[in-house]
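Coordinate analysis (summary)
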Amino acid sequence: MKRLGWFRGSFVMLAALLAGLSLLAPLLPLANPDAVNLSQRLLPPLAEGHLLGTDTLGRDILARLLSGTRLSLAVALAAAAVSAFFGTTIGALAGYLGGLWDNVLMRGIDLLMAFPYLIFALALVAVLGPGLDNALIAISVVNIPFFARTVRGVAVGLARRQFVEAGRVLGGSHLRMLFRHLLPNLIPTVTVAATTTFGWMLLETAGLSFLGLGAQPPQADLGSMLADGRKLMLVHPHVALLPGLVIFILAAGINLFGDALRDWLDPTRKD
Amino acid sequence: MTAYIFKRLLYMVPVLLAVTFILFVLMKLVPGDAAEAMLGPYATPENVERLREDMQLDQPFFVQYFGWLGDIVRGDLGTAYSLDRPVRDEVLERFGATLVLAGGAFLVCCLLGLGAGFFLAAREHGTGAKVVTLMTLAGISLPSFWLGLLFILLFAVELHWLPAGGMYSLFGGETLGDLLRHLVLPSLALGLVAAAVTARLMRTQMLEVLSQGYIRTARAKGLREAKVLGKHAFINGFIAVIPVLGLQAGYVLGGAVYIETIFQWPGIGRMLVQAIQARDLLLVQGGVLLVGVSYLFINLLADVLQHALDPRLKQ
């Protein structure tokens, strides 16, 4: 924390607090996030019994924010994991094998990057159909190139190091080289890359839900809550502004944490 | 230089082929086929079969692909069934609107991003730099769709400075001034995030240049600091950032989807979202194709520009 400074540190703490609360939400004395109460609709924040007010169906906004946070974080985390898995595999193979394999794999990755990534994600959603799981797949796929290219860059260097050569001379198989020698050395790179993309993924999945292509009712993540609130923004701005604020705090917390993590794991690449 | 451009243009041919192929394969992955998707769940098998023949879906895969490719070259992208209009006309019209918005946002990205990056590198340890650094950090974490809503609430609803949406006023519009007034808020909302990313990179690149030996030489021979920063550090930093500006153009084209939805901008992003909801796959295909191809050419332009400005790349 000392590295971050109090201002940045407090953002990370705030995001961590939100994430923690969202995980504990079922245990907290909160209203049911899906309980509709039409006589209590659109209460302003600080109303009795509803700390952050209620939405257009009279549902408690605080409870919904926490359940939405949990869903958004889960989707973003899953997308980051899927993307990291495939991207790391492709990048490590390309970097280790080199030559023709490297060329084929990386040209394939280049093609994934030929489209602006959000447009490509939309094309994937068009094929798969709207829905949160499909949004997750789309966001994962469009972020694979980032991992593949980052990991390949490091793997190329590692594959030429003496300990790998020595391992090969001693009769170690390619698989053994990849898993025992390359992968452990790639972990810092992948961790930093995953933290960085986690923040984007959060913004992107929330964005797809905002467009109505991600979470479908009754399922609600932060993006779809923002979209719901947008219709009444002029009269009840808090319904739309609060989910957006939560997305911002979470993304900022994750990004600041990622920056600090990178500085800590790789002091040469400070910026 | 001409040889380089020619080589790059030649290299575009296989890339374009591959990109169209990916898009074609992607659309083939739709459950059922385009004919079923178009006619919906209540269509009779006879009607589906007739449409399938009409769309040549009964032909072998590669015959279909090259047939489609030939159609594209002839400028025929099919008919958007949800609009009952040629895809080409709709897509080109919408893309024009997107280019206006993306152009405005890209201008914001370049002016603010490069400016802020320059400031951060020049005043590396000042209080101002700390504030700007925090702003760029906030910028990369801001959901642009939320920022757009904040702008509408503040500048349109509360202050009545600028219109809340649309491209032209309903009455007496269609003038350049009217367009520019409508353009300010969406292009700011879209451009600020890209500007934050650009600023961070510009700062890093400029500091990299400033740590070089020739900068020390320039300072030692008594060159004014303004010239050191402006002539040496800025220009060389800028050249290194050009490819990233190409990527930002892609971000701006993609992010336009959100901003167009919020500001009711009649661009291609909003069209894509509507087309997905209407399951109008030909329209999606045409839109993605046009944006993708333009993006390829933007990046080509960025590479050529960098090549022209950086003598080291000439070898």
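Not measured: the values here are computed from a predicted model.

Procedures and definitions
Residues numbered from 1 in each chain as written. Chains lettered and ligands numbered in written order. Predicted model: local features only at pLDDT ≥ 70, side-chain atom pairs only at ≥ 80, totals over all residues. Heavy atoms only, no water. pLDDT = per-residue confidence, 0-100. Salt bridge = Lys/Arg side-chain N within 4 Å of Asp/Glu carboxyl O. Helix = DSSP H or I, 4+ residues; strand = E, 2+ residues; numbered from the N terminus. Buried < 20%, exposed > 50% of the residue type's maximum accessible area, 1.4 Å probe, protein only. Contact = heavy atoms within 4.5 Å. Buried area = accessible area lost by both parts, 1.4 Å probe. Polar contact = N/O pair within 3.5 Å; in protein donor to acceptor, adjacent residues only side chain to side chain. Nonpolar A, V, L, I, M, F, W, Y, C, P; charged D, E, K, R; others polar.

**Side note on the confidence of the model for chain B**
Taken residue by residue, chain B gives an average pLDDT of 85. The fraction at 70 or more is 97%. What the predictor reports for the complex is a pTM of 0.85 with an ipTM of 0.84.

**Here's the deal with the pattern of salt bridges**
Under the defined criterion, the tally for this structure stands at 13 salt bridges over all chains. Residue Arg200 of chain B is joined to Asp259 of chain A by a salt bridge in which the shortest nitrogen-to-oxygen separation is 3.2 Å. With one member in each of two chains, Arg200 of chain B in helix α8 (residues 176-210) and Asp259 of chain A in helix α9 (residues 238-265) form a pair that bridges those chains. Given a relative accessible area of 18%, Arg200 of chain B falls into the buried group. Between Asp89 of chain B and Arg88 of chain B there is a salt bridge whose closest N-O contact spans 3.4 Å. What you see here is one network of salt bridges that share partners, running through Arg85, Glu90, Glu93 and Arg94 of chain B.

**A look at the interface of chain B and chain A**
Contact with chain B, which involves 50 residues of that partner, is made by 46 residues of chain A. Across the chain B/chain A interface, buried area totals approximately 4,100 Å², and carbon plus sulfur atoms make up 79% of it. For the pair chain B and chain A, the interface holds one salt bridge. Taken together, chain B and chain A are joined by six residue pairs in polar contact (both at pLDDT 80 or more). In terms of residue count, helix α10 (residues 225-262) of chain B provides more of the side of chain B that touches chain A than any other element does, nine residues in total. Looking at side-chain class alone, the side of chain B that touches chain A contains 37 nonpolar, 10 polar and three charged residues.

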